[in-house]
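Architecture and fold: a report
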Amino acid sequence: MSSIKVKDKFWLFASPAHDDDIFLLNRGCDERFAKRSRITPAEGAFMLDIPNVIMVSSQGRPVPFSEDAYGYMESFCNLKNVMWSITGSTGFRTGNEEEFICELSKKYPNIMGAFLDDLMGYGGTDKGEKFYMDEIAKMKEKLSNASKPIELWSTCYTKSVHKYSKEMYKDIDGITVWNMQTNEIPDMDKDFSRYEDLLPDTRKMLGLYIYDYDQDKSVTLENMQFQCETGLKWMREGRIEGMIFLTNCVMGIGLKSEYWLRGWIKKVGNENL
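Since the structure is predicted, the reported quantities are computational estimates derived from the model, not experimental observations.

A closer look at the overall build of the chain
- Counting secondary structure elements, the chain contains eight helices and 10 strands.
- Its C-alpha atoms give the chain a radius of gyration of 18 Å, near enough to 19 Å, the size a compact globule of 273 residues would have.
- C-alpha extents for the chain along the principal axes are approximately 50 × 45 × 45 Å.
- For the chain, buried positions account for 54% of its 273 residues.
- Of the contacts formed within the chain by residues at least 6 apart in sequence, a portion of 76% connects residues at least 24 apart.
- For the chain, the exposed surface amounts to about 12500 Å²; the carbon and sulfur share of it is 50%.
- Positive and negative side-chain charges of the chain, numbering 35 and 42 respectively, have mean locations separated by a distance of 2 Å.

Some points on the packing of aromatic side chains
- According to the stated counting rule, one finds 15 aromatic pairs in the structure shown.
- Ring geometry for W260 against W264: centres 6.0 Å apart, planes inclined by 15°, an arrangement best described as stacked. Residue W260 and its partner W264 are both found in helix α8 (residues 256-268); the two are separated by four residues, about one turn of the helix.
- Taking relative accessible area as the criterion, W264 reaches 6% and is therefore assigned buried.
- Clustering of aromatic rings is evident, with ring pairs tying together F13, F23, F115, W178, Y209, Y211 and Y213.

Digging into the side chain of D117
- If you trace the backbone, D117 turns up in the loop between β4 (111-116) and α5 (129-143).
- Buried charge D117 goes without a salt bridge, the closest partner of opposite sign being R61 at 12 Å.
- Not counting residues up to four positions away in its chain, the partners in contact with D117 are F13, V56, T87, G88, S89, G91 and T155.

With respect to the nonpolar core
- Formed by 87 residues in total, the largest nonpolar core has its most connected members in W84, Y169, F245 and W264.
- Excluding its chain neighbours within four sequence positions, the residues that come into contact with W264 are F10, C228, E229, L232, M243, F245 and G269.

What to know about the packing of helix α6 (residues 188-198) against helix α7 (residues 221-237)
- Interhelical geometry of α6 versus α7 gives an angle of 45° and a closest axis separation of 11 Å. Relative to α7, the element α6 lies oblique. α6 and α7 meet at a crossing whose hand is right-handed. Packed against α6, whose contacting residues are M188, D189 and F192, the element α7 presents F226, Q227, T230 and W234 at the interface.
- Split into classes, the residues belonging to the contact of α6 with α7 amount to four nonpolar, two polar and one charged.

Conventions and cut-offs
- Residues numbered from 1 in each chain as written.
- Predicted model: local features only at pLDDT ≥ 70, side-chain atom pairs only at ≥ 80, totals over all residues.
- Heavy atoms only, no water.
- Helix = DSSP H or I, 4+ residues; strand = E, 2+ residues; numbered from the N terminus.
- Rg over C-alpha atoms; globule rule 2.2 N^0.38 Å.
- Buried < 20%, exposed > 50% of the residue type's maximum accessible area, 1.4 Å probe, protein only.
- Contact = heavy atoms within 4.5 Å.
- Areas by Shrake-Rupley, 256 points an atom, 1.4 Å probe, with all protein chains shown as cover.
- Lys, Arg positive; Asp, Glu negative; His and termini not counted.
- Charge placed at Lys NZ, Arg CZ, Asp CG, Glu CD.
- Phe/Tyr/Trp six-rings, centres within 6.5 Å; stacked < 30°, edge-to-face > 60°.
- Salt bridge = Lys/Arg side-chain N within 4 Å of Asp/Glu carboxyl O.
- Core = buried A, V, L, I, M, F, W, Y, C linked by side-chain atoms within 4.5 Å.
- Axes fitted to C-alpha atoms, helices over the stretch in contact; angles between N-to-C directions.
- Parallel < 35°, antiparallel > 145°, perpendicular 65-115°, else oblique.
- Left-handed = near helix turned anticlockwise from the far one by under 90°.
- Nonpolar A, V, L, I, M, F, W, Y, C, P; charged D, E, K, R; others polar.

Below, the structure written as structure tokens:
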């Protein structure tokens, strides 16, 4: 039996190319050679040499059942696992994501999950726990029509851990834990443990940023090393089952953090887990 490699558990959090240009344009770029990223999801996965992608729509793009959406799936032909967003960034929904994911599952064997990104931002305001629970239950029921089991995963932010009860997550198979405040990376164990306390039996992955959106620069190399090595340690300990890197939309512009990450994955990616 072949051994599981470290990089087999690495994922790219991805969305259409240029999706984050709004954060990059018209700002200082001392460490960058470009103010736009042209890197697509498949290119980002190739550049990092990782086999799994979470494809997250942005303001409804790519539209379910569109040529663009199928085109993205075709570009993922050599990836091991793909999740497709059931709610996109800011919680945006077109309303037929479940049907589309079920359709994808028939044609593409590597589709294995649906992803809730920013669910609690759905509609622009907090609609309350019962609303979100009902929505998740409806999504889960529709996904049961797929030709194979489809896992349901969700974005969770460390700052929101006390906002909802354990019951809120009862229909979710796994959570991905994120903190956009990259200056708080040294406190990641304390932050992550709050979700462990709330959801001890729920599967978990760790989300890692390579770009500091508030400071308009790379995550520092010191913090990149700390979060990556801590995440790998947690994977080996069984605290998490994967690590997710965000995002292709800030890659290919000269970020020092990206260069460091590529080298680190090359160094540890083929180690046995």
